[in-house]
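Structural overview
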Amino acid sequence: MSSRPRRILDAPPSGPGGEGPGPQQPVQGPPLPRPWVCYAIIAGAVGMFLAEQFLPLSQLVQSPHGTMRIPPLGLYGPAVQSGQYWRLLGAVLEHGGPIHLLFNMSVVVTLGFTLERGIGSLRFLGLSLVTALGASAFSLIFDFDVPTVGASGMILGWAGAMLPVATREGRRDLFIWLAQVAVLSLLPFVSWAGHLGGFLFGLPCGLALRLGRQVYARALPIILFLTLVVALYAAHPERRGGL
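Description of the structure in this document. Remember, predicted model here, so these are calculated numbers, not experimental data.

1. Description of the nonpolar core
- Within the largest apolar cluster, 43 residues are counted, with the highest numbers of intra-cluster contacts made by L111, L127, I155, W158 and W177.
- Elements represented by at least two residues in this core include exactly α1 (36-54), α4 (98-119), α5 (121-142), α6 (152-162), α7 (168-184), α8 (192-211) and α9 (213-235).
- Formed by eleven residues, the second largest nonpolar core is a distinct cluster that contains L75, A91, F144 and A234.

2. Thoughts on the packing of aromatic side chains
- Here the structure, examined in full by the defined rule, presents six aromatic pairs.
- Considering the side-chain rings of F138 and F201, the 6.1 Å spacing of their centres and the 90 degrees angle between planes classify their relative orientation as edge-to-face. In this pair, F138 is assigned in helix α5 and F201 in helix α8, connecting sequence segments 63 residues apart. Each of the two residues, F138 as well as F201, counts as buried.
- Chaining the aromatic ring pairs together yields one cluster made of F138, F142, W192 and F201.

3. Focus on α9
- In this model, α9 (23 residues) spans 32 Å end to end at C-alpha, consistent with the 33 Å of a helix rising 1.5 Å per residue.
- Of all bends in α9, the biggest is about 30 degrees, found at A219, and the proline P221 comes one to four residues later.
- Among the residues of α9, Y216, L220, I223, T227, A231, A234 and A235 are the ones counted as buried.
- For α9, the elements touching its buried residues are α2 (77-81), α3 (87-90), α5 and α8.

Rules and cut-offs
- Residues numbered from 1 in each chain as written.
- Predicted model: local features only at pLDDT ≥ 70, side-chain atom pairs only at ≥ 80, totals over all residues.
- Heavy atoms only, no water.
- Core = buried A, V, L, I, M, F, W, Y, C linked by side-chain atoms within 4.5 Å.
- Buried < 20%, exposed > 50% of the residue type's maximum accessible area, 1.4 Å probe, protein only.
- Helix = DSSP H or I, 4+ residues; strand = E, 2+ residues; numbered from the N terminus.
- Phe/Tyr/Trp six-rings, centres within 6.5 Å; stacked < 30°, edge-to-face > 60°.
- Expected span 1.5 Å × (residues − 1).
- Bend = angle between axes of the 7 residues up to and from the residue.
- Contact = heavy atoms within 4.5 Å.

Right under this line is the structure:
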């Protein structure tokens, strides 16, 4: 994603310009709103990473894949199944190393700041909850016994939500970026399921945004509830036979 300033999201046309002949004086617009949700994500992710460098917060567990280290907020199917449901959301704050953390937080700055400022922090918070849960749900369905960490699934959901509301230029940039991420998702130790889940659950949020703020306000609780149901369903494979 390019970090240079540009208009990515569709916006209503501006009002009529000033009256009178001659060149118009440039008018300085209001300051950009603070992306508080993105700030919280960055602070939480960096804080967790630093804390785990000095404190023994992770635990070792035996799994079909051998002995594995499970971070305190990392997504791990058997742990969620036992009642640790906070991992469905907490996994977005866990990262596998400094490069992983730096890459994801850089996208939070370039993509997340733009989207949060465009739709508002409360709407962005609801979207982030949906896409984080959607990413966790797909990870549990396809990789139940594999620990998963990182904010990339949630971030892919932001991209999915941006597609219906982006400008033509913005959609072109998004498609190029998504193609790159799709290739990276095929690499070992990259959660293609989490990426796909976040993206797919972000799309209906973007369609609701496209239809207007009132539609989004009514649709978001429904989408969030359905996403939570899917995530809880994915967390309990022992119950799937009865559905």
